[in-house]
Protein chains: 2
Amino acid sequence: MRRVTVLIRLKETVDDAQGRVVCQALKDLGFSAVAQVRIGKVIDLWLEDADDLEQTKKMVAQMCQVLLANPVIEEFEVWQEEGSQR
Amino acid sequence: MRRVTVLIRLKETVDDAQGRVVCQALKDLGFSAVAQVRIGKVIDLWLEDADDLEQTKKMVAQMCQVLLANPVIEEFEVWQEEGSQR
């Protein structure tokens, strides 16, 4: 069993209203150093028969294209965490 | 300006209904290798005057405790991406 982690973020050009609200809330709580906040998703996938890492990454990228991400406004990053055999 | 990334995930013992639905949807789309899916949040923070990395990580952990995460059901991981000066 291989664990793969996908980070899905809004594209830089897309306004993140949720992030703006959280940024203001942090400031209101006294964290004045915060300049910007952007919020995305982390998706952990456990895959069977995924010995070929390159093949697996391609498959996960395809999952992002068809279901996990919205390619119009989001970008994704696929990585494999070493030694995770949960 | 320093960029810090926080990953917020449900604790292992907490059932992830959203992840289960996405797992089934991926299977229905033909991705039969998917055994489990868990979904969390990735939060990117841009911080001013954050030269001291240890101090910054402590501050971000505090932000997680008071606002970003729910420590009862979620766990968080703070990391700093090198060379990000956006």
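Heads up: the structure comes first, above all this text.
As the structure is a computational prediction, the values presented were derived from the model and not from experiment. (Residues numbered from 1 in each chain as written. Chains lettered and ligands numbered in written order. Predicted model: local features only at pLDDT ≥ 70, side-chain atom pairs only at ≥ 80, totals over all residues. Heavy atoms only, no water.)

Asks: Would you explain the pattern of salt bridges in this entry?
Replies: Residues and elements named next belong to chain A. Applying the stated rule across the entire model yields eight salt bridges over all chains. With its nearest N and O atoms 3.0 Å apart, the salt bridge here joins Glu77 to Arg9. Separated by 68 residues along the polypeptide, Glu77 in strand β3 (residues 74-80) and Arg9 in strand β1 (residues 2-10) bring together distant segments of the chain. The class for Glu77 is partly exposed, based on a relative accessible area of 35%. (Salt bridge = Lys/Arg side-chain N within 4 Å of Asp/Glu carboxyl O. Helix = DSSP H or I, 4+ residues; strand = E, 2+ residues; numbered from the N terminus. Buried < 20%, exposed > 50% of the residue type's maximum accessible area, 1.4 Å probe, protein only.)

Asks: Sorry, what's going on with the interface of chain B and chain A here?
Replies: As a measure of interface size, the accessible area lost when the parts come together is often cited. Each side of the interface is counted separately: chain B has 37 residues, and chain A has 37 residues. On the chain B side of the contact with chain A, B:Arg9, B:Phe31 and B:Val42 bury the most area, a combined 18% of that side's loss. The tally of links from chain B across to chain A stands at two salt bridges. One salt bridge connects A:Asp44 with B:Arg9, and the closest N-O pair in it is separated by 2.7 Å. Taken together, the links from chain B to chain A amount to twelve residue pairs in polar contact (both at pLDDT 80 or more). (Contact = heavy atoms within 4.5 Å. Buried area = accessible area lost by both parts, 1.4 Å probe. Polar contact = N/O pair within 3.5 Å; in protein donor to acceptor, adjacent residues only side chain to side chain.)

Asks: Whenever I open this one, the relation of the copies chain B and chain A confuses me. Can you help?
Replies: Between the two copies of the chain lies a relationship made up of a rotation around an axis and a movement along it. Once chain B is rotated about the relating axis by 180° and shifted along it by 0.0 Å, it coincides with chain A to within an RMSD of 0.0 Å. Here the symmetry operator amounts to a two-fold rotation axis. Identified as the residue of chain B closest to the rotation axis by C-alpha distance is B:Lys41, at 2.2 Å. Comparing interface residues between copies, 100% of those in chain B also sit at the interface in chain A, which points to an isologous, same-surface contact. (Least-squares fit on C-alpha atoms with pLDDT ≥ 70 in both.)

Asks: Can you help me understand the sheet that holds strand β1 (residues 2-10) of chain B in this one?
Replies: Two orientations exist for strands paired in a sheet by backbone hydrogen bonds: parallel and antiparallel. Across the sheet, six strands lie side by side as β3(A)-β1(A)-β2(A)-β2(B)-β1(B)-β3(B); this open sheet has antiparallel pairing. If you trace the sheet from one side to the other, it starts and ends with β3 of chain A together with β3 (74-80) of chain B, each paired once. This sheet shows a mean twist of 25° between the axes of neighbouring strands, independent of strand direction. Relative to strand β2 (residues 34-47) of chain B, β1(B) runs antiparallel, the two being bridged by seven bridges. Residue B:Val6 lies in a different strand from β2(B), and its bridge partner there is B:Ile43. The sheet contacts of helix α2 (residues 53-68) of chain A involve β1, β2 (34-47) and β3 of chain A together with β2 of chain B, and relative to β2(A) the element is tilted by about 115°. In the packing of helix α2 (residues 53-68) of chain B onto the sheet, the strands contacted are β2 of chain A together with β1, β2 and β3 of chain B, and the crossing angle to β2(B) comes to about 115°. (Pairing = 2+ DSSP bridges. Axes fitted to C-alpha atoms, helices over the stretch in contact; angles between N-to-C directions.)

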